[in-house]
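A look at the structure
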Amino acid sequence: MTKRILSCMQPTSHLHLGNYLGALKNWVRLQDEGGECFYGVVDLHAITQPYERDGLLDATREIAAAYIAGGVDPDKSALFVQSSVPGHSQMMWLLATIAQMGKLERMTQFKDKAGKHKERAGLGLFAYPVLMAADILLYRATHVPVGDDQKQHLELARDIASTFNTRYNVAHFIQPEPYIMGAATRVMSLRDATQKMSKSAESDMSRINLTDDADMIAKKIRKAQTDPEPLPYALKELENRAGALNLVTIYAALADSDKEAVLKEFGGKAFSEFKPALADLAVARLAPMTKRMNELMGDKAEIDNILRKGAVRARAVADPMIAETMEIMGFWK
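Scope of this entry: the structure provided in the associated data block. (Residues numbered from 1 in each chain as written. Predicted model: local features only at pLDDT ≥ 70, side-chain atom pairs only at ≥ 80, totals over all residues. Heavy atoms only, no water.)

1. A word on the overall build of the protein chain
To keep it simple, the criterion reads: Under the scheme used here, helices are H or I runs from DSSP no shorter than 4 residues and strands are E runs no shorter than 2 residues, and both carry numbers assigned from the N terminus. With C-alpha atoms as the basis for the radius of gyration, the globule rule is written as 2.2 Å multiplied by the number of residues raised to the power 0.38. Using a 1.4 Å probe on the protein chains alone, a residue whose accessible area is under 20% of its type maximum counts as buried, one over 50% counts as exposed, and one in between counts as partly exposed. We call two residues contacting when some pair of their heavy atoms lies within 4.5 Å. All tallies of charge rest on Lys and Arg as positive and Asp and Glu as negative; His and the ends of each chain are not included. Where a charge lies is defined by one atom per residue type: Lys uses NZ, Arg uses CZ, Asp uses CG and Glu uses CD.
In terms of helices and strands, the protein chain carries 13 helices and 5 strands. For the protein chain, the C-alpha radius of gyration of 21 Å lies close to 20 Å, the compact-globule estimate for 333 residues. Taken across its 333 residues, the protein chain has 48% of its residues classed as buried. In the protein chain, of all internal contacts separated by at least 6 residues, the share reaching a separation of at least 24 is 75%. Side-chain charges in the protein chain split into 42 positive and 42 negative, and the spacing between the mean points of these groups amounts to 2 Å.

2. As for the side chain of Arg241
As for its placement among the helices and strands, Arg241 is situated in the loop between α9 (214–222) and α10 (242–254). Since its relative accessible area comes to 14%, Arg241 is described here as buried. When sequence neighbours within four positions are dropped, the list of residues in contact with Arg241 reads Asp227, Glu229, Pro230, Leu231, Pro232 and Phe271.

3. Notes on the layout of surface pockets
This is how the line gets drawn: For cavity detection a 1 Å grid was placed over the protein atoms alone, and a set of points counts as a cavity when a 1.4 Å probe fits there but cannot get out; an open set counts as a pocket when protein lies on both sides within 12 Å along at least five of seven lines, with lining residues being those that have an atom within 4 Å of a point. Grid points are joined across faces, edges and corners, and a volume is the space filled by probe spheres set on the points.
Its volume calculated, the second largest pocket comes out at about 300 Å³. Taken together, 17 residues line the second largest pocket, and the ones lying closest to its centre are Met92, Ala96, Leu123, Ala127 and Val130. Only α4 (87–96), α5 (101–105) and α7 (123–137) provide two or more residues apiece to the lining of the second largest pocket. When residues of the lining of the second largest pocket are assigned to their parent elements, the largest contribution, 7 residues, is made by α7.

4. Quick notes on the packing of α7 against helix α8 (residues 151–168)
Threshold: Whenever a helix is involved, its axis is fitted only over the stretch in contact; in every case the axis is a line through C-alpha atoms, and angles between N-to-C directions fall within 0 to 180 degrees. Each angle gets one of four labels, with under 35 degrees taken as roughly parallel, over 145 as roughly antiparallel, 65 to 115 as roughly perpendicular, and the rest as oblique. Crossings are classed by handedness, with left-handed meaning an anticlockwise turn of the near helix from the far one by less than a right angle and right-handed meaning a clockwise turn. Under the scheme applied here, ten amino acids are nonpolar (Ala, Val, Leu, Ile, Met, Phe, Trp, Tyr, Cys and Pro), four are charged (Asp, Glu, Lys and Arg), and all others, including Gly, are polar.
In contact at an axis separation of 9 Å, α7 and α8 are set at 70 degrees when each is read in the N-to-C sense. Judged by the angle between their axes, α7 and α8 are roughly perpendicular. α8 is crossed by α7, and the crossing has right-handed handedness. Each of Tyr128, Pro129, Val130, Met132, Ala133, Ile136 and Leu137 in α7 lies in contact with α8, whose residues at this interface are His153, Leu154, Leu156, Ala157, Ile160 and Ala161. Of the residues contributing to the contact of α7 with α8, the split by class is 12 nonpolar, 1 polar and no charged.

5. Considering the packing of aromatic side chains
The cut-off we apply is this: In this analysis, rings of Phe, Tyr and Trp, with Trp reduced to its six-membered ring, are considered paired at centre separations within 6.5 Å, and the interplanar angle assigns stacked below 30 degrees, edge-to-face beyond 60, and tilted for intermediate values.
For the coordinates displayed, the defined rule picks out 10 aromatic pairs. Seen from their ring centres, Tyr251 and Phe266 are 5.3 Å apart, and the 70 degrees between their planes marks the pair as edge-to-face. In this pair, Tyr251 sits in helix α10 while Phe266 sits in helix α11 (residues 259–266), placing the two residues 15 residues apart along the sequence. Looking at Tyr251, the relative accessible area reads 11%, which means it is buried. Since its relative accessible area comes to 5%, Phe266 is described here as buried. For the ring pair Phe271 and Phe274, a centre distance of 6.3 Å and an interplane angle of 75 degrees mean the geometry is edge-to-face. Here Phe271 pairs with Phe274, and both are found in helix α12 (residues 271–297), just 3 residues apart, close to one helical turn.

6. Digging into the side chain of Asp135
The condition is simple: Nitrogen and oxygen atoms within 3.5 Å of one another constitute a polar contact, given that in protein one can donate a hydrogen and the other can accept it, and given that sequence-neighbouring residues count only through two side-chain atoms.
Within the fold, Asp135 resides in helix α7. A polar side-chain atom of Asp135 sits 3.0 Å from a polar atom in the side chain of Gln82. Side-chain polar atoms of Asp135 contact the side chain of His88, separated by 2.7 Å. Apart from residues no more than four positions distant in its own chain, Asp135 is found in contact with Leu6, Val42, His45, Gln82 and His88.

7. Here's the deal with unusual backbone geometry
Positive phi, normally seen in glycine, also occurs at Arg140, with a value near 50 degrees. Of note, Arg140 is situated in the loop between α7 and β4 (143–145). In this structure, Asp256 is a non-glycine residue whose phi angle is positive, near 55 degrees. Along the chain, Asp256 falls in the loop between α10 and α11.

8. A look at the nonpolar core
Selection rule: The term nonpolar core refers to a set of buried residues drawn from Ala, Val, Leu, Ile, Met, Phe, Trp, Tyr and Cys, joined through side-chain atoms within 4.5 Å.
Tyr67, Ile250 and Phe274 are the most contacted members of the largest nonpolar core, which has 59 residues in total. The next biggest cluster of nonpolar side chains, apart from the first, holds 39 residues, and it includes Leu95, Ala318, Ile322 and Met329.

9. Points about helix α1 (residues 17–32)
The following threshold applies: By definition here, a helix of n residues has an expected span of 1.5 Å times n minus one.
Its 16 residues give α1 an end-to-end C-alpha distance of 21 Å, which sits within 8% of 22 Å, the value for a rise of 1.5 Å per residue. Within α1, 12 of the 16 residues are buried, which leaves it mostly tucked inside the rest of the structure. Inspection of α1 places Leu17, Gly18, Asn19, Tyr20, Leu21, Ala23, Leu24, Asn26, Trp27, Val28, Leu30 and Gln31 among the buried residues, and these make up the whole buried set.

10. Here's the deal with a positive patch on the surface
Going by this rule: Only residues whose relative accessible area exceeds 30% and that form no salt bridge enter a patch; like-charged residues are grouped when within 9 Å of one another, and nonpolar side chains (Val, Leu, Ile, Met, Phe, Trp, Tyr) when within 5 Å. Accessible areas in this description were obtained via Shrake-Rupley with a 1.4 Å probe; residue shielding takes into account the shown protein chains only. One speaks of a salt bridge when a side-chain nitrogen belonging to Lys or Arg is within 4 Å of a carboxyl oxygen belonging to Asp or Glu.
Residues Arg191, Lys219, Arg222 and Lys223 make up a contiguous surface patch of positive charge. Structurally, Lys219 is set in helix α9. The exposure class of Lys219 is partly exposed, given its relative accessible area of 33%.

Don't take any of this as a statement about function, it's just geometry.
In structure tokens, the structure reads:
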């Protein structure tokens, strides 16, 4: 079976360094390794919580622009918007009829996002793991790049696929495998290195946005959490130094190196010397991407044209899958 990759991001805010190092950079490598790649902007997921209605369209375009600026080639990979492929919503309903409430209630992200007042949360927020399962199973994705926080959702998709196949005595849905990649799959906050870098964090200083200019990148790195001690020579000595480990991890990922090599170069040196070197590296890597994003956002018609072509490619896979699923379930056609 041909390897087929499916991965998506929400248009809820600017993409940041963690998105690039933990996901987007690896997407580019995957598209160049062969197989089929489907990269989506999942705007239906973005409306499960309060959002700016007037900003949704441009936010969607910006995420697509970030994909392209980061190296995703629309000629090699299908780049599409979730809502432009009706099969996502259709498949979500079909799968929702077999998804178990108890398993959805145990989803940690629902608990985190709903907070103390989960009885007030919308059905969409509660059921969005089923939509995520639909996103994956709709394309018969063999592999899904995921971080630690998404493993639970992928397990649900695998469980739903198994339940469907057993119920209807078919080998219709495949079991998608997780794809964990890269030296920086978990980039941490610059302000609190015990927390993951996040688009939703209150402080903008906690993350480096892909839209930040050189001065802002340098400022954020300069103010990033560290400690008074110089960098060690051995990786083991960073175990209880979260801020230092985070910056070393970021440097290694940006340099296409490893943490041991970074410590070999900077071991014994103070952060007053390491941080400027990290800032220069970050600017060198991210500035061309930011420039390309700005160029793309200056021609929204071209972005829309790319997304329309990607939607045609996505629907060519999704539409027959919906038809086949409905036939298995006994619907009239």
